[in-house]
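Coordinates in review
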Amino acid sequence: MNFSLPSLSEITTAADIVYAALPPTPQYVWPLLCEAIGTEVWLKHENHTPTGAFKVRGGLVYMQELLQRTPDVRGVIAATRGNHGQSIAYAARRVGLAATIVVPRGNSKEKNAAMRALGAQLIEYGDEFQESREYALVLAEERGLHMVPSLHRDLVRGVATSWLELLKAQPALDVVYVPVGQGSGICAAIAARNALGLATRIVGVVSSHALAYQLSFEQRRLVTSPVTTVLADGLACRVPDQASLAVIFDYVDTIVAVSDAEVAEAMKLLFVTTHNVAEGAGAAALAAVMRDKHSLRGLKVGVPLCGGNVDHEVFAEVLSDAI
């Protein structure tokens, strides 16, 4: 599916939907974090949403527009490693729709528990996201449910409200680092940057244990790649989305990769310097900034803490340097 990026007016109307459920999230300059990086870093706190991650913004907009397009929809289904599923479960419950969520076996226990608490029927299937997605498509057909994709223009519209908040508050940012899972976050950053007519550079961040988007960016074609990350599950993409790739090819400066070990160090740094909890994918952007810090001196850098949903046992291991 190809789509045009949402305009400023479309992002603004999406914000009306989002703000009916949650307030804007803050962006702060944390002194200890800036000291560690050696430059001015603005941290956008998407870990402060009701689901602990940025994706809920897209879910709210998608569900509202779905009911307008298909008022007789019977229910929704989605595949996820966690934050997309929480978003869909949260948004579906607000509009009175039943949600079924398919996750891989061995998924985060606490993300699974959160989705159940939001009223979703949780199904565990497959050993990685792509297998869960393919099974969700089968169930959607069998049960007459609407399949919510991982990337859609309405999801991008909703997520772009976060980037609009950050870039309106700090229009002089030189560069932002954006984690890449299936592409809604980075497409949203591009949409907001373009809508405001800013010159802010955009750097995508993937896991070095899930290189599909980086390899695709370098080769300018869709490339699949195995997934072995155990910490940055939100970046565990084996097959890129063709529509998001097209946008990334046109507007992203570069895509860099960070290891699980680097992500763990970023999670720890975020806690030590801000006392905020980040999940693996939520700390990936900072991990890349930590690696690039010498080339970033003198610049204003934007970093999303895009999710804080990490199992407590995993976070304890990160803090104790067991990972």
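Each chain has its residues counted from 1, running along the sequence as written. Two thresholds apply to this predicted model, a pLDDT of at least 70 for residue-level local features and 80 or more for giving and counting side-chain atom pairs, whereas whole-chain, interface and lining totals are computed over all residues. Side-chain numbers come from the whole structure's heavy atoms, not from hydrogens or water.

Quick look at the packing of aromatic side chains now. The criterion for an aromatic pair is that two Phe, Tyr or Trp rings (for Trp, the six-membered ring) have centres within 6.5 Å, with stacked assigned to planes under 30 degrees apart, edge-to-face to planes over 60 apart and tilted to the rest. In the structure shown here, the tally under the stated rule is three aromatic pairs. Plain terms: the ring middles of Y28 and W30 are 5.7 Å apart, the flat faces sit at 90 degrees to each other, and that makes the pair edge-to-face. On the accessibility criterion, Y28 (41% relative accessible area) is partly exposed. Accessibility expressed as a relative area gives 23% for W30, which makes it partly exposed. Between Y125 and Y135, the aromatic rings sit 3.9 Å apart at their centres with planes inclined by 15 degrees, giving stacked as the arrangement. Linking Y125 in the loop between β5 (121-124) and α6 (129-143) with Y135 in helix α6, this pair joins segments that are ten residues apart in sequence. Using a 1.4 Å probe on the protein chains alone, a residue whose accessible area is under 20% of its type maximum counts as buried, one over 50% counts as exposed, and one in between counts as partly exposed. The class for Y125 is partly exposed, based on a relative accessible area of 36%. Charge-over-ring contacts are defined here by two conditions on Lys NZ or Arg CZ: a distance within 6 Å of the ring centre and an angle within 35 degrees of the ring normal. The positively charged end of R69 is found above the aromatic ring belonging to Y62, 5.7 Å away from the centroid. The helix and strand labels rest on DSSP assignments: H or I over at least four residues marks a helix, E over at least two residues marks a strand, and numbering proceeds from the N terminus.

Moving on, we get to helix α12 (residues 280-296). By this rule, a helix spans an expected 1.5 Å times one less than how many residues it contains. The end-to-end C-alpha separation of α12 is 22 Å, in line with the 24 Å expected for 17 residues at 1.5 Å each. Note on bend: the value at a residue is the angle between axes fitted to the seven residues ending there and to the seven starting there. The largest bend along α12 reaches roughly 45 degrees and is located at M290. The set of residues buried in α12 consists of G280, A281, G282, A283, A284, A285, L286, A287, A288, V289 and L296. Only heavy atoms enter the contact rule, under which two residues are in contact if any of them lie within 4.5 Å. Looking at the buried positions of α12, the neighbouring elements they touch are α2 (31-37), β7 (175-179), β8 (201-207), β9 (254-258), α11 (260-274) and β10 (300-305). One or two steps after α12, the chain reaches G298, where phi turns positive at roughly 85 degrees.

Working definition: the strands of a sheet are paired by backbone hydrogen bonds and lie parallel or antiparallel to each other. What the four strands build is an open sheet, ordered β5-β4-β3-β6; its pairing is parallel. The open sheet terminates on both sides in strands that have one partner only, identified here as β5 and β6 (146-147). Bridge analysis of strand β3 (residues 76-79) against β6 gives two bridges, and the strand direction is parallel. What sits directly across from V76, in β6, is H146. For two strands to be treated as a pair, DSSP must find no fewer than two bridges joining them.

Using a grid of 1 Å spacing that covers the protein atoms alone, one calls a set of points a cavity when a 1.4 Å probe fits there but cannot get out, and a pocket when the set is open and has protein on both sides within 12 Å along at least five of seven lines; lining residues are those with an atom within 4 Å of a point. Grid points are joined across faces, edges and corners, and a volume is the space filled by probe spheres set on the points. By volume, the largest pocket is sized at about 260 Å³. As for the largest pocket, its lining consists of 16 residues, and the residues nearest its centre are S108, V230, L231, D233 and V314. Residues are grouped as follows: nonpolar covers Ala, Val, Leu, Ile, Met, Phe, Trp, Tyr, Cys and Pro; charged covers Asp, Glu, Lys and Arg; every other residue, Gly included, is treated as polar. Class assignment for the residues of the lining of the largest pocket results in five nonpolar, six polar and five charged. Quantified by volume, the second largest pocket comes out at close to 200 Å³. As for the second largest pocket, its lining consists of 13 residues, of which R133, S150, Q182, P240 and D241 are closest to the centre. Of all the elements, α6 adds the most residues to the lining of the second largest pocket, at four residues. Tallied by class, the residues present in the lining of the second largest pocket amount to eight nonpolar, three polar and two charged.

This next bit is on the pairing of β10. The element β10 is extensively covered by neighbouring structure, given that five of its six residues are classed as buried. Judged from the six bridges that link them, strand β2 (residues 40-45) and β10 form a sheet pairing that is parallel. The residue of β10 that forms the bridge with W42 is G302. With two bridges connecting them, β7 and β10 associate as parallel partners. Counted as the bridge partner of V175 is V301 from β10.

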